[in-house]
Structure formats: C-alpha cells, structure tokens
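Summary of structural features
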Amino acid sequence: MAGLDPADWTSLRALGHRMLDDMFDRAERAGEGPVWQPMPQAARSDVRNAQLPRQGAALPDVYDRFQSLVAPYPTGNTHPGFMGWVHGGGTMPGMLAEMLSAGLNMNCGGRDHAAVEVERTVIGWAAEMVGMPSNSSGVLVTGSSMANFIAVITASRKADPAFRSRGVGAASLVGYAAATAHGCVARAFDLAGFGTDALRIVPTDAQHRMRADVLAEMIDADRAAGLRPFMVVATAGTVDCGAVDDLQALGSVARDHGLWFHVDAAFAALARLSPTYGPLLDGIEKADSLAFDFHKWAQVPYDCGCILVRDAEAHAAAFAQSLDYLTRAERGLAGNAPWFCDFGPDLSRGFRALKVWMTLQHFGAGGMAEVVDRSCAVARHIEARVLAEPVFELLAPVTLNIVCFSVRDLDDTQVASLIEDLHESGIAAPSTTRIAGRLAIRAAIVNHRTTDRDADRMLDEVLRLAVLRRTVR
Ligand SMILES: *Cc1c(COP(=O)(O)O)cnc(C)c1O
C-alpha cells in the first residue's frame, strides 16, 4: 500500500460497482416507498453519538453503516411525490459526473487545466441561455444565496471601489427589492455590512410583482434625502408563488436612475429556454447581474448555483487580489488568468462545472425546456383541480410551476398540522408559505419525475385529511 490507496484493488472495485448498482436501483425505483420518513431514534443516536474513530474500519462495513443509517432517510427530493420548497430531482448523468469530478479531484480556484476551460464554457452557455452577452463573467457557486451575495458585493464595489480597503463604514448606500424577494437578499445586505435596513422593500401589485412606479418614486425620495441608491434586485420566479417581476419595466427604472440591475432568477432562469414560458422573462437579458441555480429546475445534483455579471471588469474589481503565493504566470500550471477565485470569495473550489457540462450535453437545452414545460403543466393540473374542488381555495395566481392553495374553513394551525400529517404519511411532500398573511399549502413542481398522477395523489390525500378536520370541527 502506498499512502491511503487500498492494498486490494480487486475488492475495492467490487464494492465500488455494488455502490453504483445500489444507486442505479434506487433511481430506477425513485417513486417507490415513502417520499420522506423520519429517522428512527435508534439510527439518529447511532449517528449522533459516534466518537471520532481512532482505528480505521473496513470499507464494506462503513458502507453497511451508510446503507442502514443514512440512505433510508433522505430529504426526499428524488421522489416524484416531493413538491416542497424548490428542490431539483437529480439525474444519472449528474450523479456520474460527481463521481468523475471527485475522481479527478481538481481544484478549480484557478491555474491552467481543463476544468477551468469547462467552467468557462458552462458560464458562456449560461449567458447564452438567458441572452446575456457572451463575454459576461461568471462563476459556479454553492447556490443562489452565494450568487446573490456576490452580486450585492459587485454592485456596491462598482458604486464605491473604496469599500474594499476602507470598509463600508456609515455608507448611505441603499438597494431595492420587493417583499417577495428571497430571504438571502436581505442576508446579503447584512453580510455585506450595509445592514438589512439598507434594503428598501418595494410594494407589489395584485400579481405579486414589484411595482415599478413606486420603485421610481422611492429612489427619487431616497436621493432627495441624501442617500445613495445603488441597486435594484428583481425576482424572476418568487419563492412563495413563482411570480415573475416585470423585468423590462424594472430594468428601465434602474437604468434611468443609474442603478445596477440585478435579477434573482434562482429557479425560473431555466424557463427562459421554453418557447412557452421564456417570454415571461423578457428583459432578463439586460440584467447587470443574474443569480440562478443549476441544482433546481436544471436537475444538476447539489450543489450548484451560478452568478453572471455583464461587466467582467467590475466583477473582478470586486474580488480579485494580487498575492505573492497566487502569482499568475505567463506559462505553465500557474498561467491561464483570470482565475475563478477572482470572481467570488472562494479560493479552493471543486469541479462543479463537470456535472453541468455533462447534463447540458446529454439533455440539451431542449430537454431542459421540456422539463420546464412539463412541470408547469403539472402545476396547471393542480390549479384546475383546486378551482374545481369547492373545499379548496386558490391563494395566488399560477405563473409557472408553483400552486398556493388552502382549505376553506380550516385555520392556519389546522393547515399546518394537515401538512405535517401528509409528510408523515410518506404520500407527498408539499411545503407551506404565507400569502396575504394566510398559511398556504404550496406545491412547487420542480422534480422532472413528477406527473399529474403524483399531483393527484397529493391532492386526494390533502382532501381526505381536510374532510377529516372539517367533520371534527
Ligand atoms: C432557492 C432560491 C434562492 C436561494 O438559493 P439557494 O440555492 O438555496 O442558495 C434564492 N432566490 C430564490 C428566488 C430561490 O428560489
């Protein structure tokens, strides 16, 4: 044995092939068994109470522990009955790509190797998908939370480059988003040092979209009050009901006022590929920066988000450092600038790009568009049943793939416990949100495996649990 490599490659191979087969079996039967089940107390304690192992164990024994303690209790988002939050379902090419990238074990912070070229290509494809210029810069990150944070940093450093050395101090910069914006936008303002108060909340219209007219008035008022408005954060695909802000109108207001125009399109960016739903996102191509996730509607396994920035120089100016131990060379392994560490806070980075590169090559943009269309069709099916069933009440317009509804005559506490029962039944897993102060059952169709039949099973069970509660009253 040399280092940590196995003494016996033959048995390692056999075990590895068995692991692969187990994962294929699992995917082939993704719709069988419960969507989710709680981890039993014994398994939980076994995992929680394990001491740091002093001696190594045989790999087959370690794998047995994985099979009994971990594999049966996942989040559930590979199951077609999973309709909660916004989780992608994963694909086999994506899973295999994860294994290949771990095998190569490349560090994609920079330097001159193939992974950097693959990531640059993926960033170029992402820009093409949404219609941003081909020379936009970008980087793959953990998710849209990080992508939105990078946008806030880039926009603010463009407004005042001195923040990098002097800090934000009592900066009077203010940005704008609707109340429907994802919580990570306020968090980005917090992390950036501006504070969440620097994020102005713009009211929405009946379609849950940010009001462009009020936005313009708020910017003018803040300027008149001596503040420095610097960015507008629009949302394409809000996390509560999937509303799409009027990107044309908001982009114009931002440009007319000299503000950075950022779009958080965490899941809905993929809809740009659909001839049916793509036009809803008109104006996204004019964004100064765009955050979205490959791990949501694009089904790439966790984790993989993406930030795109129209002005590559501004992007690098916000993050690049010149450090002796990271000198870029003209030739050799230390060449090939700019490096991905120039476009975000991470230095060491995994080869996330491989799973995107392989996914997009295998399914094509057309395959992605079909996933979007099918998800939206399932959402339409749910909407139609909700409207047809007198016990149900639709709480928000259905724009893309998210349906928010509730049960007449049940209060919020009853709806919350109904959803908990539904989760524990293992039949389906929608989540909840608040619409106009009311608790809504929220079905977000993101998994490529989810069909009308899965939606029907969910609705039938919600109905059954609802009728039970209504009779008890
Ligand atoms: C999911 C989501 C985010 C956060 O993305 P992560 O990948 O979970 O970090 C941000 N904005 C919207 C609109 C989202 O749907």
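Looking up the chain in an unreviewed UniProt entry gives the name Aromatic-L-amino-acid decarboxylase, with the organism given as Tanticharoenia sakaeratensis NBRC 103193. Reading the Sequence similarities (unreviewed entry) entry of the UniProt record for the chain gives the comment "Belongs to the group II decarboxylase family." Under Cofactor (unreviewed entry), UniProt gives the following word-for-word description of the chain: "pyridoxal 5'-phosphate".

One key point about sheets: their strands pair by backbone hydrogen bonds, in either a parallel or an antiparallel sense. One open sheet accounts for five strands, arranged β1-β11-β12-β10-β9; its pairing is mixed. Of all strands in the sheet, those bounded by a partner on one side alone are β1 (82-83) and β9 (392-394). In the sheet, strand β10 (residues 402-407) pairs with strand β12 (residues 438-444) via four bridges, with the strands oriented antiparallel. Opposite cysteine 404, over in β12, you have arginine 442 as the bridge partner.

Once that is clear, we can look at the site of the ligand. By nearness alone, every residue bordering the ligand is listed as Gly143, Ser144, Ser145, His182, Cys184, Gly237, Asp264, Ala266, Phe267, Asp293, His295 and Lys296. Contact distances for the ligand include 2.6 Å between an oxygen atom and a side-chain N or O atom of serine 145. One of the side-chain nitrogen or oxygen atoms of lysine 296 is found 3.1 Å away from an oxygen atom of the ligand. Protein burial of the ligand: of its 380 Å² of free accessible surface, 85% is covered by the chains. Class assignment for the residues of the shell around the ligand results in three nonpolar, six polar and three charged.

In space, the seven strands of this open sheet follow the order β2-β8-β7-β6-β5-β3-β4, with mixed pairing throughout. Looking at the sheet topology across the chains shown, the edges are occupied by β2 (137-141) and β4 (199-202). Averaged over neighbouring strand pairs, the angle between their axes works out to 20 degrees when direction is ignored. In this structure, β2 lies alongside strand β8 (residues 305-309), joined through five bridges in antiparallel fashion. Across the sheet, residue glycine 138 finds its bridge partner in β8, namely leucine 308. Those strands touched by helix α10 (residues 247-256) are β5 (228-235) and β6 (260-264), and its axis lies near 155 degrees from that of β6.

It is worth spelling out the pattern of salt bridges at this point. Close approach of charged atoms allows side chains of opposite charge to pair. Tallying each qualifying case throughout the model produces 22 salt bridges. Of the charged contacts in the structure, one is a salt bridge between aspartate 160 and arginine 228, with a shortest N-O distance of 3.7 Å. Taken together, the residues aspartate 160 in the loop between α6 (144-159) and α7 (163-166) and arginine 228 in strand β5 connect sequence positions 68 residues apart. In this structure aspartate 160 comes out as buried when scored by relative accessible area, which is 19%. Classification of arginine 228 by relative accessible area gives partly exposed; the value is 38%. For aspartate 205, the salt bridge goes to arginine 209, with nearest N and O atoms at 3.4 Å. With relative accessibility at 27%, the residue aspartate 205 sits in the partly exposed group. One network of salt bridges, in which partners are shared, links Arg272, Asp282 and Glu285.

An ideal rise of 1.5 Å per residue puts 20 Å on 14 residues; helix α13 (residues 412-425) measures up with 20 Å between its terminal C-alpha atoms. Of the residues trailing α13, glycine 426 is marked for its positive phi of about 75 degrees.

When you line up the elements, aspartate 346 lands in the loop between α11 (312-319) and α12 (352-388). Placed 205 residues apart in sequence, aspartate 346 and valine 141 show a C-alpha to C-alpha distance of 8.6 Å.

Our focus in this paragraph is the domain arrangement of the chain. The domains assigned to the chain are domain 1 (97-360) and domain 2 (367-472). One C-alpha centre belongs to domain 1, the other to domain 2; they are set 31 Å apart. Counting residues at the interface gives 25 residues for domain 1, matched by 22 residues for domain 2. The junction of domain 1 with domain 2 conceals about 1,900 Å² of combined surface from both sides, 69% of it contributed by carbon and sulfur atoms. Across the domain 1-domain 2 interface, the total number found is zero salt bridges. On inspection of domain 1 and its partner domain 2, the count reaches five residue pairs in polar contact (both at pLDDT 80 or more).

Here the amide bond leading from tyrosine 302 into aspartate 303 is cis, since omega sits at -10 degrees, within 30 degrees of zero. In this chain, alanine 337 is followed by proline 338 through a cis amide linkage whose omega measures 0 degrees. With respect to the secondary-structure elements, proline 338 resides in the loop between α11 and α12. The phi dihedral of tryptophan 85 falls on the positive side, at around 45 degrees, and the residue is not glycine. Locating tryptophan 85 in the fold gives a position in the loop between β1 and α4 (92-104).

Attention shifts here to the packing of helix α1 (residues 9-28) against α4. Packed helices, taken two at a time, are described by the angle between their axes plus the distance between the axes. At a minimum axis separation of 11 Å, α1 and α4 run at an interaxial angle of 160 degrees. By the angle between their directions, the pair α1 and α4 is classed as roughly antiparallel. The chirality of how α1 crosses α4 is right-handed. Taking contact as the criterion, the partners of Leu20, Met23, Phe24 and Ala27 in α1 are, on α4, Met92, Met95, Leu96 and Met99. Residues belonging to the contact of α1 with α4 are distributed by class as follows: eight nonpolar, no polar and no charged.

Okay, the packing of helix α5 (residues 114-130) against α12 next. Taken N-terminus to C-terminus, the directions of α5 and α12 make an angle of 55 degrees; their axes are 9 Å apart at the nearest point. As far as their axial angle goes, α12 and α5 are oblique. α12 is crossed by α5, and the crossing has left-handed handedness. Where α5 approaches α12, its residues Val118, Glu119, Thr121, Val122 and Trp125 are matched on the opposing element by Ala353, Val356, Trp357, Leu360 and Gln361. For the contact of α5 with α12, a count of residues per class yields seven nonpolar, two polar and one charged.

Reading guide: rules and limits
Residues numbered from 1 in each chain as written. Predicted model: local features only at pLDDT ≥ 70, side-chain atom pairs only at ≥ 80, totals over all residues. Heavy atoms only, no water. UniProt positions renumbered as here; feature names shortened; annotations may be inferred. Pairing = 2+ DSSP bridges. Helix = DSSP H or I, 4+ residues; strand = E, 2+ residues; numbered from the N terminus. Near = heavy atom within 4 Å. Polar contact = N/O pair within 3.5 Å; in protein donor to acceptor, adjacent residues only side chain to side chain. Areas by Shrake-Rupley, 256 points an atom, 1.4 Å probe, with all protein chains shown as cover. Nonpolar A, V, L, I, M, F, W, Y, C, P; charged D, E, K, R; others polar. Axes fitted to C-alpha atoms, helices over the stretch in contact; angles between N-to-C directions. Contact = heavy atoms within 4.5 Å. Salt bridge = Lys/Arg side-chain N within 4 Å of Asp/Glu carboxyl O. Buried < 20%, exposed > 50% of the residue type's maximum accessible area, 1.4 Å probe, protein only. Expected span 1.5 Å × (residues − 1). Domains from an automatic or database assignment. Buried area = accessible area lost by both parts, 1.4 Å probe. Parallel < 35°, antiparallel > 145°, perpendicular 65-115°, else oblique. Left-handed = near helix turned anticlockwise from the far one by under 90°.

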